[in-house]
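Chain residues, written in single-letter form:
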Amino acid sequence: MLFSVLHPHRERLWHFHGGVHLPDEKHLSNAGPSVAAPLPAQLVVPLQQHIGAPSQPLVSVGDRVLRGQPLARPQGYVSAPVHAPSSGTVAAIEPRQIPHPSGLSAPCVVIDTDGEDAWAELPPPLPDFEQLDPADLRERIRQSGIVGMGGASFPSSVKLNPGPDQPIHTLVINGAECEPYITCDDLLMRERAADIVDGIRVMLHILGAERCLVGIEDNKPEAIAAMREAAQQLSGQGGGQAGRQAGRAQQIRVVEIPTLYPSGGEKQLIKILTGKEVPSHGIPAQIGIVCQNVGTACAVADAVLRGRPLIERYVTVTGRAVSEPRNYRVRIGMPAADLVAASGGCTGDLEKLVVGGPMMGFRIDTDAVPITKAANCILALTPAESPDPGAPQPCIRCGRCAEVCPANLLPQQLYWHARAKDLDKVQDYNLFDCIECGCCAVVCPSHIPLVQYYRYAKTESWAREREKRAAEHARERHAAKEARLERLEREKKAKLRKKKAAVAPKGGKDDDKQAAIKAARERAAAKKQAAQGESATAAGKPAPGRAEPAPGRTEPAPGRAEPAPGRAEPAPGRAEPPPGAAEPAAAGPAAAKGKVAAPDGKPPGAPEDAQIASRAAEQQGAQGAVPKPVPDDARRAVDEAAAAGADTSPGRPEQPFVRGTDQPPDQAAAQASGQTDQQTAQQPSGAGTDEERPRATAGRG
Amino acid sequence: MQARTGFVSSPHAARVNSVDWVMLQVCLALVPGTLALVWFFGWGVLIQMALAVVFAVAAEAAVLKLRGRPVLPAIRDYSAVVTALLFALTIPPTLPWWLTLLGILFAIVIVKQLYGGIGYNPFNPAMAGYVFLLISYPVATTTWLPPAVPELLQAQDLTTLSFLDSVRLIFTGVLPAEHTWDAVSAATPLDEMRTKLDQGMTIDEIRASSPLWGDFGGRGWEWVANWFLLGGLYMLWRKVITWHIPVAFLGGLLITAGAFWLLDPQTHPFPAFHLFSGAAILGAFFIATDPVSAATTKRGQLIYGFAIGAMVFVIRTWGGYPDAVAFSVLLLNIAAPMIDHYTQPRVFGQKRSAKAG
Ligand code: SF4
Ligand code: SF4
C-alpha cells in the first residue's frame, strides 16, 4: 500500500535475507558490442555438457561433419545432445581436459574445422508454434541440445515439463546477472532482446503459464530498456495473431531489481519477484514457477523459430589480466586459450584463470579447455583483484556470515561441524540449503574458506549416503539369494515327495489321471500369471499378482502347513516393510492363486516373490520423489522408470537432500567431490562426466 | 600458459573484512570514552591500559610459544589488546600493578588460551579477569577515585592525583604524604545509591544529600558513559557490531528498571540512572558484543542482550555487588550456546515452524 503510493511506477519487490554489495566491475567488459569470436582451427566438444546421463556419440573419427549436425544423441530423459559448432572433420573422440573444478578430462569430439562453416540440413522452423503441441516443442528443444545457460546446465526440455500435477503460472526469466565482472547476459539482452522475447513466448506456450517476469538488476539500464522495448513491440505487432500476441506481450513484464549479490540465484530471484520461497530441497515448479536464463530463452527462439541447435553462446572475457576485455559470440568447443588470445592475451600479472564469476566460478589451471554451453565467463584476475586471503584464523563467531547468508543459514555453525566432520550435525544445520554463493566467505573476518568446507561436507555426506545405499543393496541381494536357494531346495523336496506319493498307491487310475492333468493346467496358469506380474514390476508398477505372501500369512493356504513351516517364514518377514505392497496384496487375486498353487505343494508365499513385491513398493516410493510420469509423453515415463530402476535403490527415498529433478544426486556428488580440494584423496570415478556443481537450483546469476 | 597456484576455492573475490581491522575499530571506538575517563579520573587510567596491554601481549605470546603455535599472527589480530583495554577500563585507576597482572594473566592464560585461544573461549576474558579480581580482592577492586568535578571535590574535601602520584601509587602502593585514602577515594554513584537505599533513605533524600548526582547518574560518570556511547555508535556505523545486543541490553535494563521505578519511584532510581551509571554503556556496546562469547543468531542476540540488561538490574538491586555487568555477561556467556540452539533462523524455503536439530 505505502509502497505503491511512494513508487507508483515500480513493481512491488520482495527481499531475501542477506546478500552482499560487491564492486560489480562490469564496466570492464560491457562498453562495446559483442564480437564474433574467430573460428578456431580446432573445436573440442565435450560429450556431456549437461546435468544427467552422458550422450552417445553418433560420429566416428574421420567423418566430415556440418555445422549444426548432431554429434551425440541424448541417452535417457535427463540428457541432451551436442552438435557440431562448425563444419570440418572429426579428428578424434577422446578424453580431453574440460572446464571442471577438478581439472578432469572427459570424452570430447575433436573437430578440425575446414573454414567453410557449412550448415547441415536443419529441422524446419516452427513459426506458428502457438498452434503446436507443447510436447513437440519440447522435443525440438531437447533435440537442439538446449540446457540452462546461466550455469546450471540442466536440460531445458526437462525443466519445461513439470508435469500435469504441477501447473505453472509464472515463468521467471533470469537476467539478473548478479556476479561481478560477467556481462554476457547484459550484452545478449541489449543485442537480442527480440529473440529473447520470442523464446519467452515459446516457453509460455509450452508451460501454459499466465505471465512472465524478467528480472534484471538495475546496474544494466541498457538491457532493461532493450528488453522493455522488445516486449512492447510485440504488443504492437500486426498480423493474424496480433490479438494473442498482444495478450502474450502483456504477460511479459521486465522488472528492474536492486543490485545485490546473489539476486540472480534462482530461488533468490523468485523471492524478489514473487515473494514466494521455493521449498527447501524443492524445485520452483512446486510453487508453480519455472525459471530460465535469458540465454536459454534466446536459444529456445533459435531452436524453434530457426531450427538451429545450441552451438554458440555469449561469453565474457574479462578481468584486469587480459588486455581487451569484451564479450564474444563463441562457438561451443572453442578453446579458452584462443578466446583469451583474441582478447589480446593475458598480461604478465595473471593470478588465476576462472570459469564463471569471482564468487561462484571455479579456477582452471590451464586455458587449454573448451568453452561449454554453461561457460559464461573467462575471468583472468590479477593478484590485486584476487588477493590471497592468507592463512585462515579461528572463527571469532562474529556472525557476519549469518548476516549475509541468502539461505539464512548459520554458516559459522556449519563450519564448526563440518570441520569436526560431524555430518549429522551439519545436516541439522541445513547444509544442503547452502547454495555455495560465497557471501559468507567473502565477509568472514577470519578469512576462513567456508564454502570449501561446505563442499567437503556435502561430498562426504553423499559418499556416506552412497555407501549406506550400497550396503543395503548388498544385504538385500544376499537375502534374496538365500531365499531363492531355500525355495529351490524346498521345491526339490516337494517333487520328491510327490513322486513317492504317485508311486505308492495305484488305485482309481482315471480319477488320478484327471487330477494330475488339472493340477498341471493350474500350475501353468499360475506360472503365467507370475510372469506377467514380473514384467509389471520391471516397469516400475506395483504388481498385484506378486504380493502373495500377505494373504498367505494371514490365512494359511491348505498346502502350506505341509512343507516345513519354518521355511516359509522368511516370506512374510520380507513382505512386511513396504506398505504399498500390502495393499494390492490384500485386494488382489493373490489369495485365490495361493490356493491354486497349493496342490502343487508349493507354498504360496514364495520368498522370492515377496522380495520382488517389496522392491516394487520401494520403487513406488522412489518414484514419489522423482517427478511423476506424464501421460502425454510415453517415452518420458519409460525413461523415468528405467532411470528409477537403474539408479534407485532402497536407501534413496530416505536421503534428505536429493529430491527434485534438478539435482541428480550421483552427478551432483561426483561434481562436488571433484570440486573439493580433498579431491586427490577421493577422486570420484564418475566426476568427469559432469561439469556442473550441485548448484543446479541456484544458477549463477 | 599457466596461472600461478594460489588458493583454489571460490569465492575468488577479495575479502572485505579482517579480524585485525575489526579489533582496531574497537580500539578506535574506545578512544572518546577513554579520554573522558582520563579527564575525570586522572592518569591512572592510561597507566593501567598501558600495563594491561603489555602484560596481555606478553602473556599471549608466551602461552602460544608454549603451545607451539605461531605467535605473530595471533598477536597481530589485536584481540589481546582489546581484552586488555576493556579490562583496564573496568578496574579502578589506582589498582596495584600486580593485581592488574594477575587479572590479565587469568584472562589471557586461563580463560582465553587454555580454552584454545581466540574463538574458543566460552567466557569473555576481560570480564572473567575482572570478576576473578573482584572476588579475590574485593576492596582493592572497588576503591574508586572521585571524578574530577570541582564542586564535588570542594564539597567533600577530595583531591585528585597527579601523574607521578598515580605512578607511585600503582607501582608501590604508597600514597603521597599529603593525601589520605579518604581524600583520594570515593564511592561510585552505584555504591552510594545502594548504601543509602539500604539505610532506608528515599530517592529524593538521596539525591538531595550530595553534590555527587548529575542529570541521570553521577557527575562525571555520566559523561564517561556518553562518550562510550559515542564510540558504540561509531562501531555500529562501521558495522563492527550490530544493534541487536546493545539495544537489547539497554532495553532489558531500562524495562526492568522502569517497571520497578513505576511500582515505587522512591526506592528505585529513575531507569536512566542505571543506564548512565557503572559499566552499562561500556558493557552494552563493548563487552556484551564480544562475538566469541555472545550468542550469534540475531534472535538469540536479542534474548542474550535483554537477559544481560535485566540481570544487571537484578544484581545491582538485590545482589551483593554494586555493579553487575561483568557477572551478568559471564552468566549469559554460559547460556549463549543454548540460546543459539533454540533461536536458529528459519532457513530459506522452510516452513515457519520448522526447526533443525
Ligand atoms: S564470519 Fe567468519 S569469523 Fe565470523 S562467525 Fe562467520 S565464520 Fe566465524
Ligand atoms: S555459501 Fe552457503 S552458507 Fe555461505 S552464504 Fe552462501 S548459502 Fe549461506
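A. Structural context of the site of ligand 1. In the vicinity of ligand 1, the contacting residues are A:Cys395, A:Ile396, A:Arg397, A:Cys398, A:Gly399, A:Cys401, A:Gln412, A:Cys444, A:Pro445, A:Ser446 and A:Leu450. Looking at the shell around ligand 1 residue by residue, the classes come out as 7 nonpolar, 3 polar and 1 charged.

B. Fine view of the interface of chain A and chain B. The interface is formed by 67 residues belonging to chain A together with 44 residues belonging to chain B. When the two sides are added together, the surface that chain A and chain B hide from each other amounts to roughly 4,800 Å², 54% of it contributed by carbon and sulfur. Broken down residue by residue, the surface that chain A buries against chain B is led by A:Arg363, A:Ile396 and A:Arg397, which jointly contribute 14%. At the boundary of chain A with chain B, the tally comes to 3 salt bridges. At the junction of chain A with chain B, the criterion picks out 23 residue pairs in polar contact (both at pLDDT 80 or more). For the side of chain A that touches chain B, the elements supplying multiple residues, two or more each, are α8 (266-274), β15 (352-355), β16 (362-364), α11 (400-404), α12 (411-419), α14 (439-443) and α15 (450-503) of chain A. Element by element, the count of residues in the side of chain A that touches chain B is highest for α12(A), at 4 residues. Its residues placed into classes, the side of chain A that touches chain B shows 31 nonpolar, 16 polar and 20 charged.

C. Quick peek at the pairing of strand β13 (residues 312-318) of chain A. Residue and element names in this part refer to chain A. Counting buried positions along β13 yields 6 of 7 residues, so the element is predominantly enclosed. Bridging between β13 and strand β14 (residues 326-331) involves 6 bridges; their strand directions are antiparallel. Paired with Glu312 across the bridge in β14 is Arg331. Two elements, β13 and strand β17 (residues 377-381), share 3 bridges in a ladder whose sense is parallel. Its bridge partner lying in β17, Thr316 is registered against Cys377.

D. View of the site of ligand 2. Residue and element names in this part refer to chain A. The environment of ligand 2 is made up of Cys405, Pro406, Pro411, Cys434, Ile435, Glu436, Cys437, Gly438, Cys439, Cys440, Val451 and Tyr454. Of all the elements in the fold, those that place two or more residues in the shell around ligand 2 are α14 and α15. Here the shell around ligand 2 is composed, by residue class, of 10 nonpolar, 1 polar and 1 charged.

E. Representation of the pattern of salt bridges in the model. All names here are of chain A. Counted under the stated rule, the structure contains 29 salt bridges over all chains. Residue Asp195 is joined to Arg192 by a salt bridge in which the shortest nitrogen-to-oxygen separation is 2.9 Å. The salt bridge partner of Arg464 is Asp424, with a shortest N-O separation of 3.1 Å. Linking Arg464 in helix α15 with Asp424 in helix α13 (residues 423-428), this pair joins segments that are 40 residues apart in sequence. Look at Asp424 and you get partly exposed, because its relative accessible area is 46%. Among the ionic contacts, a cluster of salt bridges with common partners joins Arg67, Asp117, Glu312 and Arg331.

F. Here's a closer look at the side chain of A:Ser343. Residues and elements named next belong to chain A. Here Ser343 lies in the loop between α10 (336-342) and β15. For Ser343, a relative accessible area of 0% translates into the label buried. Here the side chain of Ser343 touches Tyr328 through a polar contact of 2.8 Å, side chain to side chain. Dropping the residues within four chain positions of it, Ser343 is found in contact with Val317, Ser323, Glu324, Arg326 and Tyr328.

G. Broad picture of a positive patch on the surface. A contiguous patch of positive charge on the surface is contributed by A:Lys492, A:Lys493, A:Arg497 and A:Lys500. Taking relative accessible area as the criterion, A:Lys500 reaches 61% and is therefore assigned exposed.

H. Focus on the sheet that holds strand β3 (residues 56-57) of chain A. Residue and element names in this part refer to chain A. The antiparallel open sheet is built from 3 strands, whose spatial order is β3-β5-β6. Each having just a single partner strand, β3 and β6 (82-83) make up the two edges of the open sheet. In this structure, β3 lies alongside strand β5 (residues 70-73), joined through 2 bridges in antiparallel fashion. In the strand pairing of β5, Gln56 is matched with Arg73.

I. Structural view of the packing of aromatic side chains. Residues and elements named next belong to chain B. Scanning all chains against the criterion turns up 14 aromatic pairs over all chains. Taking the centre distance of 5.3 Å and the plane angle of 25° together, the rings of Phe260 and Phe313 count as stacked. Taken together, the positions of Phe260 in helix α14 (residues 244-263) and Phe313 in helix α17 (residues 298-318) put the pair 53 residues apart, joining distant regions of the chain. Here Phe260 falls in the partly exposed class, since its relative accessible area comes to 28%. We classify Phe313 as buried; its relative accessible area is 1%. For the ring pair Trp261 and Phe270, a centre distance of 4.9 Å and an interplane angle of 85° mean the geometry is edge-to-face. Here the aromatic residues Phe41, Trp144 and Trp221 are joined through ring pairs into a cluster of three or more. In this structure, Arg238 is placed above the aromatic ring of Trp237, and the distance from its NZ or CZ to the ring centre is 5.2 Å.

What counts and what doesn't
Residues numbered from 1 in each chain as written. Chains lettered and ligands numbered in written order. Predicted model: local features only at pLDDT ≥ 70, side-chain atom pairs only at ≥ 80, totals over all residues. Heavy atoms only, no water. Near = heavy atom within 4 Å. Nonpolar A, V, L, I, M, F, W, Y, C, P; charged D, E, K, R; others polar. Contact = heavy atoms within 4.5 Å. Buried area = accessible area lost by both parts, 1.4 Å probe. Salt bridge = Lys/Arg side-chain N within 4 Å of Asp/Glu carboxyl O. Polar contact = N/O pair within 3.5 Å; in protein donor to acceptor, adjacent residues only side chain to side chain. Helix = DSSP H or I, 4+ residues; strand = E, 2+ residues; numbered from the N terminus. Buried < 20%, exposed > 50% of the residue type's maximum accessible area, 1.4 Å probe, protein only. Pairing = 2+ DSSP bridges. Patch = residues over 30% accessible without salt bridge, like charges linked within 9 Å, V, L, I, M, F, W, Y side chains within 5 Å. Areas by Shrake-Rupley, 256 points an atom, 1.4 Å probe, with all protein chains shown as cover. Lys, Arg positive; Asp, Glu negative; His and termini not counted. Charge placed at Lys NZ, Arg CZ, Asp CG, Glu CD. Phe/Tyr/Trp six-rings, centres within 6.5 Å; stacked < 30°, edge-to-face > 60°. Lys NZ or Arg CZ within 6 Å of the ring centre and 35° of its normal.

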